[in-house]
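Structure assessment
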Protein chains: 2
Amino acid sequence: MFKVPEHQVAGHQAKNGVLGPLIDDSGNFYKPLQNDERGSKEVAFYTSLSSDPRVPDNIRRYFPIFRGTKVINASDGSGLHPHLVLEDVVSNYSNPSVMDIKIGSRTWDPHASEAYIEKCLKKDRESSSLPLGFRISGLKLVTSKDASIWQPSKKFLQNLAANDTKLVLSRFVSSNVASNDTTHPDCSFGSKVFGGPSGILEQLLELKKWFEVQTIYHFYSCSVLMVYERESLMNGSSSGAVVKLVDFAHVVDAEGVIDHNFLGGLCSLIKFISDVLEAPAENCIYNNNCSEDEH
Amino acid sequence: MFKVPEHQVAGHQAKNGVLGPLIDDSGNFYKPLQNDERGSKEVAFYTSLSSDPRVPDNIRRYFPIFRGTKVINASDGSGLHPHLVLEDVVSNYSNPSVMDIKIGSRTWDPHASEAYIEKCLKKDRESSSLPLGFRISGLKLVTSKDASIWQPSKKFLQNLAANDTKLVLSRFVSSNVASNDTTHPDCSFGSKVFGGPSGILEQLLELKKWFEVQTIYHFYSCSVLMVYERESLMNGSSSGAVVKLVDFAHVVDAEGVIDHNFLGGLCSLIKFISDVLEAPAENCIYNNNCSEDEH
């Protein structure tokens, strides 16, 4: 009945005896609750989000639907374990292309423990988070012809410079990425995935408007998930491009201030995506001295 | 010929043998060049700003006019010293009210030295910078009736919480602040100073638009200066409310990325000022346990 999600690109994966999320055939995503306060924080966030009248309806659709918690058998064989039950946001796609982008130059809450702050600050400084205001945590591109996959390693993605980030975003919406070469990405799906009235850019801009005024939550270490289906595009259908926010184990009360850390990173991502729409990456040589892995 | 500026509210002041800025009667502001790389960085910034065609004309007016460098006698009596020659942005005001707000939750450039980063990070965490995305570095309010002054100490200002910040911003545009009590600020000048088509909010929004797209500079530890004249308002004239950006000793190349750190802080300040315009501070009790000094 429970399966390991095929399209997860970041976070703990329920493989090789590791505790990770599971899905079922009814479109549910079961996320194991972490034993420390992160688990209870994420439940508290989803509970609050579901009931807080200050969250506008047009914004709710950017979050996975929350269906409570459930005790099921853990993926690591350790027996029964409580899980969050969420909407599986990719259950309606046959071969989704997915990118997970952790937003914010700072992934730590000022009230966190010194040890945690130190760990996060080190990661933020060693990754793209500090320079770019976000980092690509994972991506999976299912090419349309033969469903072959481009899934660069975490190591390759973690400290991309600006040009390389633009290149990866360009490749994410290009048709000529079957082989792992440095061919000029054609961005042939850019206008339909990133652009258009219901494309990813418009969705990010709608989120931005909310973040300019909302003083309910601060979202540390939260990700923007971008999903679309290349096959549909090839068949002349809609790309099904959606933006979802995920991972709320480090959400805290806003204490009367907007989430300037998330908003700054979101604006940076928006600028990158606008740039790719206006002019695809010109430079096709990765500068991060990290060879790209294929899976 | 040279005088100590009366209306400086933050930074080194040219008093008691300290090296600080000087002004003259022709509207010039002489800022001593720091001997380390900060001095040369600020000159490089002003030189670049003056000549870079990518900076739009409507944005240039937010920076003091740059008139080169000049060697003059230093304020500390140490003899000749090179100074930046800038427009004295308050020279046309008789009794300007001034607020200096350091923008950004992070005042350090990722490429700075470890020692400098550590020092700044500590300050950012101990001040309002981290929670609010900005900190009020100084303010001086000249009340209209008898030109008495409200100038809270640096210590009082440095770690204001959200409610206290709203209260200080409210008092900045209120008529009933002659005494240092906790009277409900009336915000009677709010609509004319913060609001209106040429008010401070509109100016900040124009800057925000630029920061959403500019990938020329990253402004670390730079301040927004808000200036207006209460006397003019009392006489039914314009408030002369202006926004200026100052202090560019830590400006670095943007390397293809927007200044998400500055932009986030700017958006946070914009939200505070919008809130004050919509509803003046309701809470008149400072929560930071720091008694307020008057000068």
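So, how was this worked out
- Position numbers for residues count from 1 along each chain, tracking the sequence in the order it is written.
- As they are written, the chains are lettered A onward and the ligands numbered 1 onward, keeping that order.
- Predicted model: local features are reported for residues with pLDDT of at least 70 only, side-chain atom pairs are reported and counted for 80 or more only, and whole-chain, interface and lining totals are derived from all residues.
- In computing side-chain values, all of the structure's heavy atoms are included and hydrogens and water are not.
- We count a salt bridge whenever a side-chain nitrogen from Lys or Arg sits within 4 Å of a carboxyl oxygen from Asp or Glu.
- The secondary structure listing takes helices from DSSP runs of H or I that are at least 4 residues long and strands from runs of E that are at least 2 residues long, numbered from the N terminus.
- Any residue under 20% of the maximum accessible area for its type is buried, any over 50% is exposed, and the rest in between are partly exposed; the area is computed with a 1.4 Å probe on protein chains only.
- Least squares is the method for superposing the copies, and the C-alpha atoms it fits come from residues with pLDDT of at least 70 in both.
- The contact criterion used is simple: two residues touch if any of their non-hydrogen atoms lie within 4.5 Å.
- Pairing between two strands is assigned when DSSP locates at least 2 bridges connecting them.
- In this description, buried area is defined as the sum, over both parts, of the accessible area (probe of 1.4 Å) that is lost when the two are combined.
- Residues belong to a common nonpolar core when they are buried Ala, Val, Leu, Ile, Met, Phe, Trp, Tyr or Cys residues joined through side-chain atoms within 4.5 Å.
- The split of the chain into domains comes from an automatic or database domain assignment.

Side note on the pattern of salt bridges
- In this structure the tally under the stated criterion is 26 salt bridges over all chains.
- The residue A:E114 makes a salt bridge to B:R125 at a minimum N-O spacing of 2.7 Å. Placement of A:E114 in helix α3 (residues 114–126) and of B:R125 in helix α3 (residues 114–126) is noted, with the two residues assigned to different chains.
- A:E114 gets classed as partly exposed once you look at its relative accessible area, which sits at 49%.
- Between B:D57 and B:R60 there is a salt bridge, with the nearest N and O atoms lying 3.7 Å from each other. A residue pair is termed a helical-turn pair when its members lie 3 or 4 positions apart in one helix, as B:D57 and B:R60 do in helix α2 (residues 57–60) at three residues.

Quick notes on the relation of the copies chain A and chain B
- Of the transformation superimposing chain A on chain B, the axial component is 0.0 Å and the angular component is 180 degrees, with the fit at an RMSD of 0.0 Å. Here the copies are linked by what is in effect a two-fold axis. Every residue of chain A has its C-alpha some distance from the rotation axis, and the shortest such distance is that of A:G264, at 2.2 Å.
- In this assembly the copies share their binding face: 100% of the residues contributing to the interface of chain A also contribute to that of chain B.

Quick word on the pairing of strand β10 (residues 242–246) of chain A
All names here are of chain A.
- In terms of residue burial, β10 counts as a mostly covered element, since four of its five residues are buried.
- Bridge analysis of strand β9 (residues 223–229) against β10 gives five bridges, and the strand direction is antiparallel. Across the sheet, residue S223 finds its bridge partner in β10, namely V246.

Looking at the sheet that holds strand β3 (residues 66–73) of chain B
Residues and elements named next belong to chain B.
- Taken in spatial order, the four strands line up as β1-β2-β4-β3 in an open sheet, and their pairing is antiparallel. For this open sheet the edge positions go to β1 (22–23) and β3, each flanked by a neighbour on one side alone.
- The pairing of β3 with strand β4 (residues 80–87) spans six bridges and is classified as antiparallel. Paired with N73 across the strands is L80, a residue of β4.

Overview of the interface of chain A and chain B
- Counting from both sides, the interface comprises 31 residues of chain A and, opposite them, 31 residues of chain B.
- Buried surface at the junction of chain A and chain B, both sides included, amounts to about 2200 Å², of which 62% is carbon and sulfur.
- At the junction of chain A with chain B, the criterion picks out four salt bridges.
- A salt bridge links A:K208 to B:E212, with the nearest nitrogen and oxygen atoms 2.8 Å apart.

Some words on the nonpolar core
- Ranked by internal contacts, the top residues of the largest apolar core, which has 130 residues, are A:F194, A:F219, A:M226, B:F194, B:F219 and B:M226.
- With residues up to four places along the chain from it excluded, the contact list for B:F194 reads B:L169, B:F172, B:V173, B:F189, B:G199, B:I200, B:L201, B:M226, B:I273, B:V276 and B:L277.
- Of all hydrophobic cores here, the second largest spans ten residues; its members include A:C120, A:L130, B:C120 and B:L130.

Considering the domain arrangement of chain A
Residue and element names in this part refer to chain A.
- Per the domain assignment, the segments of chain A are domain 1 (22–87) and domain 2 (96–278).
- Placing a centre on the C-alpha atoms of domain 1 and another on those of domain 2 gives a separation of 22 Å.
- In total, domain 1 and domain 2 occlude about 1700 Å² of area from one another, counting both sides; carbon and sulfur atoms represent 60% of this.
- Of all residues in domain 1, K41, F45 and Y62 bury the most surface against domain 2, accounting for 36% of the area lost on that side.
- At the boundary of domain 1 with domain 2, the tally comes to two salt bridges.
- We note a salt bridge from R61 to E206, for which the minimum N-O separation is 2.7 Å.

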